[in-house]
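For reference, the chains in residue letters:
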Amino acid sequence: MSVDVKYSTEATATGGGRDGTTALANGELTITMTPPKELGGSGKGHNPEELFALGYSACFLGAMRAAAAKQKLGTVPDDAKVTANVGIGPRDDGGFGIAVELKVELPGVERDVAQKMVEAGHFVCPYSHATKGNIDVKLTLV
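Residues numbered from 1 in each chain as written. Predicted model: local features only at pLDDT ≥ 70, side-chain atom pairs only at ≥ 80, totals over all residues. Heavy atoms only, no water.

Below, the discussion takes up the sheet that holds strand β4 (residues 81–90). Within the open sheet, the 3 strands sit side by side as β4-β5-β6. Their pairing is mixed. Either end of the sheet is taken by a strand with one partner, and the two such strands are β4 and β6 (136–141). The average undirected angle you get between the axes of adjacent strands in this sheet is 15°. Sitting on the sheet, helix α1 (residues 48–70) touches β4, β5 (96–105) and β6, and the angle it makes with β4 is about 145°. Sheet contacts for helix α2 (residues 111–124): β5 and β6; angle to β6, the most-contacted strand, approximately 155°. (Pairing = 2+ DSSP bridges. Helix = DSSP H or I, 4+ residues; strand = E, 2+ residues; numbered from the N terminus. Axes fitted to C-alpha atoms, helices over the stretch in contact; angles between N-to-C directions. Contact = heavy atoms within 4.5 Å.)

Written out as structure tokens, the structure reads:
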């Protein structure tokens, strides 16, 4: 599969990875990384799972809006929400893995139409595509 890249960004991690710093090459954002307490860290910084949750929730909401419009499913309401819960833990076969639940709120949208919007968003969202077959992603329509 090839991708016609229209935008790219670059970030560099230094220090201990999960216990260090990561920064965008353009200088616009630098984040202190610290493992969460549940994984033996201080929890006084941020971690990759938090960043993934931020990105996935935003991307999914945008993808849902675009897909719903393209498929003429109606308009995703302005007060729609996508909440991403990203968890990390050991895999049965060794190493670590992540699991994701996306909780989608589409106030005022009929449930069958809302479900179609969620499915359409999941199909076009690049995060959903990247995780397909690699990460358990649970979609929950609230």
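Structure's up, so let's keep going.
Next up on the list: the packing of aromatic side chains. Summed over all chains, the structure comprises 4 aromatic pairs. Their ring planes at 40° and their centres at 5.7 Å tell us that F52 and Y127 sit as a pair that is tilted. Taken together, the positions of F52 in helix α1 and Y127 in helix α3 (residues 126–131) put the pair 75 residues apart, joining distant regions of the chain. For Y127, a relative accessible area of 30% gives the class partly exposed. Through successive ring pairs, a cluster of aromatic residues spans F52, Y56, F60 and Y127. (Phe/Tyr/Trp six-rings, centres within 6.5 Å; stacked < 30°, edge-to-face > 60°. Buried < 20%, exposed > 50% of the residue type's maximum accessible area, 1.4 Å probe, protein only.)

The next thing to look at is the pattern of salt bridges. Evaluated as defined, the whole model comprises 3 salt bridges. One salt bridge connects R91 with D93, and the closest N-O pair in it is separated by 2.8 Å. The class for R91 is partly exposed, based on a relative accessible area of 42%. By relative accessible area, D93 is classed as exposed at 64%. (Salt bridge = Lys/Arg side-chain N within 4 Å of Asp/Glu carboxyl O.)

Taking 1.5 Å as the rise per residue, α2 with 14 residues should run 20 Å; its terminal C-alpha atoms sit 20 Å apart, in good agreement. Among the residues of α2, A114, M117, V118, A120 and G121 are the ones counted as buried. Looking straight down α2, one finds that the buried residues subtend no more than 165° of arc, so they occupy a single side. Its buried side turned inward, α2 meets α1, β5 and β6. (Expected span 1.5 Å × (residues − 1). Arc of directions from axis to C-beta.)

Now for the domain arrangement of the chain. Splitting the chain by domain gives domain 1 (1–46) and domain 2 (48–141). Put simply, the middle of domain 1 and the middle of domain 2, counted by C-alpha atoms, are 21 Å apart. Contact residues are listed per partner, giving 7 residues for domain 1 and 6 residues for domain 2. Interface of domain 1 and domain 2: buried area, both sides summed, is about 590 Å²; carbon and sulfur atoms make up 67% of it. (Domains from an automatic or database assignment. Buried area = accessible area lost by both parts, 1.4 Å probe.)

For a regular strand, side chains alternate in direction, first toward one face of the sheet and then toward the other. Both β4 and β5 contribute to a ladder of 10 bridges, which runs antiparallel. By the bridge assignment for β5, N85 is matched with E101. The loop that links β4 with its antiparallel partner β5 comprises 5 residues; one of these, G94, has a positive phi angle of about 105°.

Next up on the list: the sheet that holds strand β2 (residues 20–24). With antiparallel pairing, the 3 strands of this open sheet are ordered in space as β1-β2-β3. What marks the edges here is a single partner per strand, and that holds for β1 (11–15) and β3 (30–33). Here the strands of the sheet are splayed against their neighbours by 20° on average, with no regard to which way each runs. Taken together, the 4 bridges between β2 and β3 define a ladder with antiparallel strand orientation. Note on β3: the bridge partner recorded for G20 is M33.

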